[in-house]
Amino acid sequence: MSGLTPLLVEGLFPNGIAHYALGGLLIGLGTAVIYLGTGIIAGASTFLESTLSYVSDLPRFNKAKYVASRDWRVVFTLSIVAGAALYTVLFGDGWWVSDVQPWRFAVGGVLVGVGTRIGKGCTSGHGVCGVGSRSRTSLVNVATFMLVAIGVAQLLSALGVSP
Amino acid sequence: MSDDERGLGFMLVVIAGGLIFGFGLAVSNMARPEVVLDFLQFDDLGLVFVMGGAAVVTGTVFALAEAFGDRAPLTGRDYGRRLKSFDKNVVVGGVVFGAGWGISGICPGAAYASLGVGNYPILIAIGGMFVGAYLQGLWRARRTESAATGTSAD
C-alpha cells in the first residue's frame, strides 16, 4: 500500500506543486502589500467597471468609489501585466500563446464580465481576499463558481471541445 | 478625498503590489488558461495550491493587521474587516462567472497577467469582460429606472 501514495500524488499533480504554491504565496503577498500600505483590499475585477467610467455616462459606472479609484486601478492592472512580463523575461522560457479556441475567450469573457459584477467579485476579490477574511459571502460565491466552472469545463471536454 | 490624490507613496505601493501579484500569477502558470482548464477537468489539481497559498497569506496578514495594526499609513483607513453583504446576487453572479470561467479558463486578474506572458489572444477575453460589465451596468440602470418610475412590465 505504501506505493500508492506517490502514485496518487503524481496522478493528481503531474506537474508537481512547488511553482503552484510559490505563485500562490506571491499573489497573496501582492494583495497584502497593498492592504498594509493603504487598507484597501484590491480585487482585480472592479477595474472593469471603474475603467468604464472614463467612457460611459451611466451613473452605475460613475459612483464616487469608482471615479475615485479608477486611476490607481488602471495602474494596478498595468502593474499586473508588467509583473507577469518581468517573470517571463527573467525566468520564463519565452513568450507564450494559448491554443484555447478564440470563441471560448469571447463567450467566457462576456460571462465573466457579467458574473463578477453581479456577484461583487472574482477569483481575487472573493477567492483570495474574501476567503482570507473568512467572509461567508465570499465562501458561498467561491463554492458556487467553482462547482459551476468544473461542471461546464467537464461538459465541454466531454463534448470534445479541446482545447 | 480621491484615492488618487494620496500621492506618490500610494501609487508606488499599488505598483509594487501589482508587480508581485502579476509575477505570482506567471510563476503559478495560472496566467495560462490551459492550466485552469486542466484543473477544472481534474487533470492537474495544482491550482488548489495557488488559491490556497494566496488565501493563507492574505488571511494571516489581514488577521495580524486587524489585531495589531491601527491605520494604514498611506490613507488613514483602519484595518477592519469590510465584508460584502450577502444576497441572492452573490449566488447568481457566482453561477454566471463560473460558467464563463469554465468556458474560457480565464478570470480578470489572470487575464491581465496572461497578456504579460505574451498571450495576446487573451485581449478577446478582456474585451469580452468589458462588454459583459457594460451590459450588466446597462441592464441594472434600466431596471433601476423602471422601478423608480413604476412602469415595470411585470
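Residues numbered from 1 in each chain as written. Chains lettered and ligands numbered in written order. Predicted model: local features only at pLDDT ≥ 70, side-chain atom pairs only at ≥ 80, totals over all residues.

Trainee: Even after reading the chapter, I still don't get the interface of chain B and chain A, so can you show me in this structure?
Mentor: Interfaces are often sized by the accessible area lost when the parts come together. On the chain A side, the residues contacting the 109 residues of chain B number 109 residues. Among the elements of the structure, α1 (7-27), α2 (33-40), α3 (47-68), α4 (88-104), α5 (108-116) and α6 (122-149) of chain B are those that each provide at least two residues to the side of chain B that touches chain A. For the side of chain B that touches chain A, the leading source of residues is α6 of chain B, giving 18 residues. Taken together, the residues that form the side of chain B that touches chain A break down as 66 nonpolar, 32 polar and 11 charged. (Contact = placed C-beta atoms within 7 Å. Helix = DSSP H or I, 4+ residues; strand = E, 2+ residues; numbered from the N terminus. Nonpolar A, V, L, I, M, F, W, Y, C, P; charged D, E, K, R; others polar.)

Trainee: Whenever I open this one, the UniProt feature "transmembrane region" (unreviewed entry) in chain A confuses me. Can you help?
Mentor: All names here are of chain A. As annotated by UniProt and renumbered to match this structure, "transmembrane region" (unreviewed entry) occupies residues 20-44, 72-90, 102-119 and 139-161. Segment residues 20-44 splits into 76% helix and 0% strand. End C-alpha atoms: 20 Å apart. Between the first and last C-alpha atoms of residues 72-90 the distance is 26 Å; the span itself is 100% helix and 0% strand. (UniProt positions renumbered as here; feature names shortened; annotations may be inferred.)

Trainee: I keep staring at the environment of Ile20 of chain B and nothing clicks. Help me out?
Mentor: Relative to the assigned elements, Ile20 of chain B resides in helix α1. A C-alpha to C-alpha distance of 30 Å links Ile20 of chain B and Val91 of chain B, two positions 71 residues apart in sequence. Leave out the neighbours within four places in its chain, and Ile20 of chain B touches Leu26, Leu29, Gly30, Val33 and Gly83 of chain A.

Trainee: Help me understand the packing of helix α4 (residues 64-90) of chain A against α5 of chain B, please; the structure alone is not making it clear to me.
Mentor: α5 of chain B packs onto α4 of chain A with a crossing angle of 45 degrees between their chain directions and a minimal axis gap of 7 Å. In terms of axis orientation, α4 of chain A runs oblique to α5 of chain B. When the axes of α4 of chain A and α5 of chain B are compared, the crossing they make is right-handed. In this structure, α4 of chain A contributes Thr77, Ile80, Val81, Ala82, Gly83, Ala84, Ala85 and Thr88 of chain A to the contact, and α5 of chain B contributes Gly109, Tyr112, Ala113, Leu115 and Gly116 of chain B. Residue composition of the contact of α4 of chain A with α5 of chain B, by class: eight nonpolar, five polar and no charged. (Axes fitted to C-alpha atoms, helices over the stretch in contact; angles between N-to-C directions. Parallel < 35°, antiparallel > 145°, perpendicular 65-115°, else oblique. Left-handed = near helix turned anticlockwise from the far one by under 90°.)

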